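# Breakdown of the fold
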Amino acid sequence: MVRRAGNTRLKSARMAAGYPSQQSLADALGVGVRQVRRWESEAPPWPQPEVGQALSRLLGQDLEVLGFIALTHAASQRGRRSASSTVAAAVGLAMVPTQAAVLLQPASVVADFEVVTRSHRRLYWSVAPAALHPSVMAHAALGLVLLSETAGQTRQGVAVALAETYLLAGRIEFFDLREPEHATQTLLRSLQAAGEADDPLLGAAALAHTAFIPAWSGRRDEAVERMVASRTYARRGLASAEFLAWLDAVEAECETRCGNTRPALRLISHAEDVLARGSSHANPPWLDWFSPVRLAAFKGNTQLKAGHLPQARETLLAVLSALDPGEEKQRTVVLGDLAAVEASDGQFEEACRYALRALDQLERTWYAMGMDRVREVRRMLAPHQNERSVRELDDRLYAWSTTVSALAR
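The structure presented is a predicted model; accordingly, all values stated were derived computationally and were not measured. (Residues numbered from 1 in each chain as written. Predicted model: local features only at pLDDT ≥ 70, side-chain atom pairs only at ≥ 80, totals over all residues. Heavy atoms only, no water.)

Let us look at the overall build of the protein. Regarding its fold elements, the protein presents 21 helices and zero strands. In the protein, buried positions account for 47% of the 409 residues. Taking contacts inside the protein between residues at least 6 apart in sequence as the whole, the part at least 24 apart equals 66%. Of the accessible surface of the protein, which amounts to about 20,400 Å², a share of 53% is contributed by carbon and sulfur atoms. (Helix = DSSP H or I, 4+ residues; strand = E, 2+ residues; numbered from the N terminus. Buried < 20%, exposed > 50% of the residue type's maximum accessible area, 1.4 Å probe, protein only. Contact = heavy atoms within 4.5 Å. Areas by Shrake-Rupley, 256 points an atom, 1.4 Å probe, with all protein chains shown as cover.)

Right, dumping it as structure tokens:
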């Protein structure tokens, strides 16, 4: 006996949307698995209106495209085709579907797309930002195409990876390329993709990054408002202790940028308490830019800005010794802050030594934030610009390779 294939359209759409079994689709719709089994039979019954709408929305296609034949209840009871079908068959015409069949990608596209997303995330720490950014944006463009060609759990998976991709692109634009206007738009796209994925933690991360942008210009009220939104989103998800501490660190950085070091230090102290208490929730895989050592780096910079030089020196030296070898970008920032501590303390020769070490690191791994720190130190050293150590710093700061790299990247 030949086994009939049944409603292969629905089965294929179910698999493409990330529901490998009939039971998984039934659970998503809140119906029994026998109902899904009947839909995938050779003569699928037309779903009830509410369930049909949910099924169409979940799989991204109209019911007709999913293999259901639109019959009136009376006609279905008699087992006859509708009048329109009869007329069409009589004159040799095919029935015109209400919606053209949509190309649906298989569920495997999520894993394939995520592989590149993860690779870009790792490459960020070593590849020149000007070289990496076009590749990240091209990957995001592909994600937008895939988002229109997927449904259900598959679409949600693509949206998560797309939100991560836009988040990385926004970080590059703000921290590395110094393009805050572009970063604003890119981070908004990350937020939108996080909304498509219904991922509140990714949404919180995108919003927190947008808070940096007004804070760098001293617009505290805007930064605080965005942090309130970010924390609201974080409460909707299963936020780890590290994630919540990072939010404190971001707000502390914003306060420091706006000249409010006292509340910034309170926020950092709260973040330390959060990390000490811990959490049962795991870190999201994309939170690779924060750790207790990074929090200490935030603390050292805030202590510096507050004028607490001995404490800042002690904190930053501990951070410098604790950084992993691969954390090269962060190393330039810490070296720059140590140089600023010594410059503020009148130790201009020691300040120059730290600044030169930062420039050595920047030649290997460019980071605009690190170069900003070095230039800030050089402005602090203006009263000593005729000293030999400061002139040596100028020779390195304005060497051909450094100057061209700064302008090219």
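With respect to the helices and strands, the residue T365 is situated in the loop between α18 (348–364) and α19 (368–380). Judged by relative accessible area, T365 falls into the buried class, the value being 4%. At 2.3 Å, the side chain of T365 forms a polar contact with the side chain of E328. Apart from residues no more than four positions distant in its own chain, T365 is found in contact with W125, E328 and K329. (Polar contact = N/O pair within 3.5 Å; in protein donor to acceptor, adjacent residues only side chain to side chain.)

Okay, empty space enclosed by the protein next. Taken as a whole, this structure holds two cavities of 30 Å³ or more when the rule is applied. Looking at the largest cavity, its volume works out to about 360 Å³. Surrounding the largest cavity, 21 residues form its lining, F175, F298, Q330, Y367 and M369 being those nearest its centre. Those elements giving two or more residues to the lining of the largest cavity turn out to be α9 (152–176), α11 (200–216), α13 (241–257), α15 (292–305), α17 (328–344) and α19. (1 Å grid on protein atoms, 1.4 Å probe; cavity = no way out; pocket = protein on both sides within 12 Å on 5 of 7 lines; lining within 4 Å. Points joined across faces, edges and corners; volume = space filled by probe spheres on them.)

This paragraph deals with α13. For α13, with 17 residues, the first-to-last C-alpha span of 24 Å sits near the 24 Å given by 1.5 Å per residue. Buried residues dominate α13, accounting for 14 of its 17 residues. G259, located one to two residues past α13, shows a positive phi value of around 85 degrees. (Expected span 1.5 Å × (residues − 1).)

In this section: the packing of aromatic side chains. All told, the structure shown has 12 aromatic pairs when counted by the stated rule. Ring centres of F174 and F175 lie 5.0 Å apart, and the angle between their planes is 80 degrees; on these two criteria the pair is classed as edge-to-face. Grouped by ring-pair contacts, the aromatic residues F174, F175, F212 and W216 constitute a single cluster. Over the face of the ring belonging to F174 we find R178, whose NZ or CZ atom lies 5.8 Å from the ring centre. It is K329 that lies over the ring of Y124; its NZ or CZ is 3.4 Å from the centre. (Phe/Tyr/Trp six-rings, centres within 6.5 Å; stacked < 30°, edge-to-face > 60°. Lys NZ or Arg CZ within 6 Å of the ring centre and 35° of its normal.)

Another point: unusual backbone geometry. Trans is the common state for peptide bonds, and a negative phi is the common state for residues other than glycine. Even without being glycine, R178 reaches a positive phi, approximately 55 degrees. Relative to the elements of secondary structure, R178 occurs in the loop between α9 and α10 (180–197). For D198, which is not glycine, the phi torsion reads 55 degrees and is therefore positive. Inspection of the secondary structure puts D198 in the loop between α10 and α11. Judged by its relative accessible area of 64%, D198 is exposed.

Interpretation note: all reported values are geometric properties and have no functional meaning in isolation.
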